[in-house]
Amino acid sequence: MGNRLTKIYTKTGDDGSTGLGDGSRVSKDSARVTAYGTVDEANSAIGLILACDIPQDVRDLLVSVQHHLFDLGGELCIPGHAAIFDADIDHLERQLDGFNADLPALKDFILPGGGMAASHCHLARTICRRAEREVVTLSRHDAVRPEAIRYLNRLSDLLFVLARVLARASGHGEVLWNHERRKS
């Protein structure tokens, strides 16, 4: 690790700019900063899930995901840097398949809910989807490795499945969208 932060404020961002990992400075509202900032937000939302009482296998997986999201943020903060790889995406897919195997097939849409942990998981999923959109936006004018987009896409799918798992584990169950409610 490079320099350790001993002073939290530097005042260098008071002009609306921020430093990237390669030393260059960009506007705080640049597509790159928005992308890695939203990845950081998704990571924080996963921290909310981890603050809940959840099964140990889900906890272990989400801690691993947090490390990968931090790596991904670094990849996005340092143009040209690679930190997410096919093996990371393959791991998500294996986990997704494993957790999904025991769930019943979906016949209806699920509303965000199903207890505190499941609700936080749904929130993390939607933030992850936004992060994916932001990285796609960044990729339209800067080089972005396709693994970054694929990781976020797979992670949002995994978070959906984990929300289902957590809703069932909590005893709250899934909240199904009642599309018939408007018919009289």
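Use the structure listed above.
Residues numbered from 1 in each chain as written. Predicted model: local features only at pLDDT ≥ 70, side-chain atom pairs only at ≥ 80, totals over all residues. Heavy atoms only, no water.

### What about the overall build of the protein?
Applicable threshold: For the purposes of this entry, the term helix denotes a DSSP run of H or I that reaches at least four residues, the term strand denotes a run of E that reaches at least two, and both are numbered from the N terminus. Buried residues are those whose accessible area, probed at 1.4 Å on protein chains only, stays under 20% of the maximum for their type, while exposed residues exceed 50% and partly exposed ones sit between those limits. Only heavy atoms matter for contacts: two residues are in contact if any of them lie within 4.5 Å across the pair. Positive charges are assigned to Lys and Arg, negative charges to Asp and Glu, while His and the chain termini are left out of the count. Throughout, a charge is located at the NZ atom of Lys, the CZ atom of Arg, the CG atom of Asp or the CD atom of Glu.
Of the regular secondary structure elements, the protein holds five helices and four strands. Expressed as lengths along the three principal axes of its C-alpha atoms, the size of the protein is roughly 55 × 40 × 30 Å. A buried classification covers 39% of the 184 residues belonging to the protein. Relative to all contacts within the protein whose residues are 6 or more apart in sequence, the contacts with residues 24 or more apart total 71%. Between the mean site of the 22 positive side-chain charges and the mean site of the 25 negative ones, the protein shows a separation of 5 Å.

### Remarks on the pattern of salt bridges
Rules: Think of a salt bridge as a Lys or Arg side-chain nitrogen and an Asp or Glu carboxyl oxygen that are within 4 Å of each other.
Evaluation of the coordinates by the stated rule reveals ten salt bridges. Its salt-bridge partner being Arg-145, residue Glu-75 comes within 3.0 Å of it at the nearest N-O pair. Here Arg-145 lies in the loop between α4 (116–139) and α5 (146–170) and Glu-75 lies in helix α2 (residues 56–77), a separation of 70 residues in the sequence. When its relative accessible area of 5% is taken as the criterion, Glu-75 is described as buried. The exposure class assigned to Arg-145 is partly exposed, which follows from its relative accessible area of 22%. As a salt-bridge pair, Arg-154 and Glu-93 come within 2.7 Å of each other at their nearest N and O atoms. Separated by 61 residues along the polypeptide, Arg-154 in helix α5 and Glu-93 in helix α3 (residues 86–101) bring together distant segments of the chain.

### Here's the deal with helix α1 (residues 31–50)
The line we're drawing: Any helix carries an expected span of 1.5 Å times its number of residues minus one.
Between its first and last C-alpha, α1 extends 29 Å over 20 residues, near the 28 Å set by a 1.5 Å rise per residue. Buried within α1 are the following residues: Arg-32, Val-33, Ala-35, Tyr-36, Thr-38, Val-39, Ala-42, Asn-43, Ala-45, Ile-46, Ile-49 and Leu-50. Each element contacted by the buried residues of α1 is listed here: β1 (17–19), β2 (25–27), α2, α4 and α5.

### A word on the side chain of His-120
In this fold, His-120 is placed in helix α4. Every residue in contact with His-120, bar those within four places of it in the chain, is listed here: Ala-45, Leu-48, Ile-49 and Cys-52.

### What to know about the packing of α2 against α3
Heads up, the rule is: Only the contacting stretch of a helix is used when fitting its axis, a line to C-alpha atoms as for every element, and angles between N-to-C directions run 0 to 180 degrees. Here is the rule for angles: anything less than 35 degrees is roughly parallel, anything more than 145 is roughly antiparallel, 65 through 115 is roughly perpendicular, and the remaining ranges are oblique. Two helices cross in a left-handed way if the nearer one is turned anticlockwise from the farther one by less than a right angle. They cross in a right-handed way if the turn is clockwise. Residues are grouped as follows: nonpolar covers Ala, Val, Leu, Ile, Met, Phe, Trp, Tyr, Cys and Pro; charged covers Asp, Glu, Lys and Arg; every other residue, Gly included, is treated as polar.
Two elements in contact, α2 and α3, have axes whose closest approach is 12 Å; the angle formed by their N-to-C orientations is 155 degrees. As far as their axial angle goes, α3 and α2 are roughly antiparallel. For α2 against α3, the interelement crossing comes out left-handed. Touching Asp-57, Val-58, Leu-61, Ser-64, Val-65 and His-68 of α2 are Asp-88, His-91, Leu-92, Gln-95 and Phe-99, all from α3. A class-by-class count of the residues in the contact of α2 with α3 yields five nonpolar, four polar and two charged.

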